[in-house]
Amino acid sequence: LRLVAGLAFPFVHEFFWLPLLAYAAVSDLIDGWLSRRWNGTSTFGQLLDPVADKVCVLAVLWSVWQREWLSLGGLCWLGARDLTVMGLTIFAAMSTRLMAQDLKPRWSGKAATAAQFVVLLVIVYQKETFTEGIRSGGAVSAVAAIDYTITAWRIWSHRQTTEFDDERVANTE
């Protein structure tokens with residue numbers, strides 16, 4: 001339902017933005033907590049949860065940017081992790097050494113999502129920019145972007161080295 005909330009967000013009246021965003025934030029917390037508490041994780045859920053988060057956050061970022069409550073720089077800063085993960089996912093789709101499922105949720109990403117939700121809730125509530133929140137939330141998002149990039153690089157490099165070693169062994173036999 002968080003995915004649906006994100007997809008609907010830009011199209012609903014501004015009056016519904018705050019409750020819709022609050023629902024998305026709370027459902028993300030509850031969903032994660034229940035999943036860990038009852039050990040109810042699944043591959044589908046592990047893929048769908050971050051997609052729902054990103055769709056929701058990006059839809060809200062886009063909507064508040066359209067209202068000029070957020071500058072283009074603020075939009076990129078707060079969305080740094082999401083933009084990076086989208087780029088890494090595209091790279092993974094084109095690479096044989098990195099796969100989208102390698103980019104599993106990380107604590108830095110969870111912190112970035114939480115920071116994004118808090119900052120966006122304040123922006124939507126105030127109906128204006130929240131400079132301090134954008135700076136701090138963007139910093140958390142940037143740290144997560146760096147973390148995901150380093151993780152993807154390590155996986156990619158390891159697989160490249162492993163393939164090279166396998167190829168060298170095959171050539172000597």
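What comes next concerns the included structure.

Calculation rules
Residues numbered from 1 in each chain as written. Predicted model: local features only at pLDDT ≥ 70, side-chain atom pairs only at ≥ 80, totals over all residues. Heavy atoms only, no water. Helix = DSSP H or I, 4+ residues; strand = E, 2+ residues; numbered from the N terminus. Buried < 20%, exposed > 50% of the residue type's maximum accessible area, 1.4 Å probe, protein only. Contact = heavy atoms within 4.5 Å. Areas by Shrake-Rupley, 256 points an atom, 1.4 Å probe, with all protein chains shown as cover. Polar contact = N/O pair within 3.5 Å; in protein donor to acceptor, adjacent residues only side chain to side chain. Expected span 1.5 Å × (residues − 1). Core = buried A, V, L, I, M, F, W, Y, C linked by side-chain atoms within 4.5 Å.

### Considering the overall build of the protein
Thinking step 1. Within the protein, the regular secondary structure consists of seven helices and zero strands.
Thinking step 2. Starting at the N terminus and walking to the C terminus, you meet the elements of the protein as α-α-α-α-α-α-α.
Thinking step 3. Within the protein, buried positions represent 38% of all 173 residues.
Thinking step 4. Contacts in the protein between residues far apart in sequence, at least 24 positions, make up 78% of those at least 6 positions apart.
Thinking step 5. About 10500 Å² of surface is accessible on the protein, with carbon and sulfur atoms providing 66% of the total.

### Looking at the side chain of glutamate 14
Thinking step 1. Secondary-structure assignment places glutamate 14 in the loop between helix H1 (2-8) and helix H2 (17-37).
Thinking step 2. For glutamate 14, the side chain forms a polar contact with the side chain of arginine 67, separated by 2.6 Å.

### Description of helix H5 (residues 80-94)
Thinking step 1. Under the 1.5 Å per step criterion, the end-to-end length of H5 is 21 Å for 15 residues, consistent within 8% with the ideal 21 Å.
Thinking step 2. Of the positions making up H5, those classed as buried are Ala80, Arg81, Asp82, Val85, Leu88 and Ala92.

### Structural notes on the nonpolar core
Thinking step 1. With 21 residues, the main nonpolar core has Val64, Leu70, Leu120 and Ile123 as its most contacted residues.
Thinking step 2. Sorting the residues of this core by element identifies H2, helix H3 (43-66), helix H4 (72-78) and helix H6 (107-126) as the ones contributing at least two each.
Thinking step 3. In terms of residue count, the dominant contributor to this core is H3 (six residues).
Thinking step 4. Non-local contacts of leucine 120, meaning those with residues more than four positions away in its chain, are made with Leu21, Val57, Val60, Leu61 and Val64.

### A short note on unusual backbone geometry
Thinking step 1. At glutamate 68, a position not held by glycine, the phi torsion is positive, near 65 degrees.
Thinking step 2. Looking at where glutamate 68 falls in the secondary structure, it is placed in the loop between H3 and H4.
Thinking step 3. For glutamate 68, a relative accessible area of 70% gives the class exposed.
Thinking step 4. The phi dihedral of lysine 127 falls on the positive side, at around 60 degrees, and the residue is not glycine.
Thinking step 5. Locating lysine 127 in the fold gives a position in the loop between H6 and helix H7 (131-172).
Thinking step 6. On the basis of relative accessible area, lysine 127 is assigned to the partly exposed category, the value being 41%.

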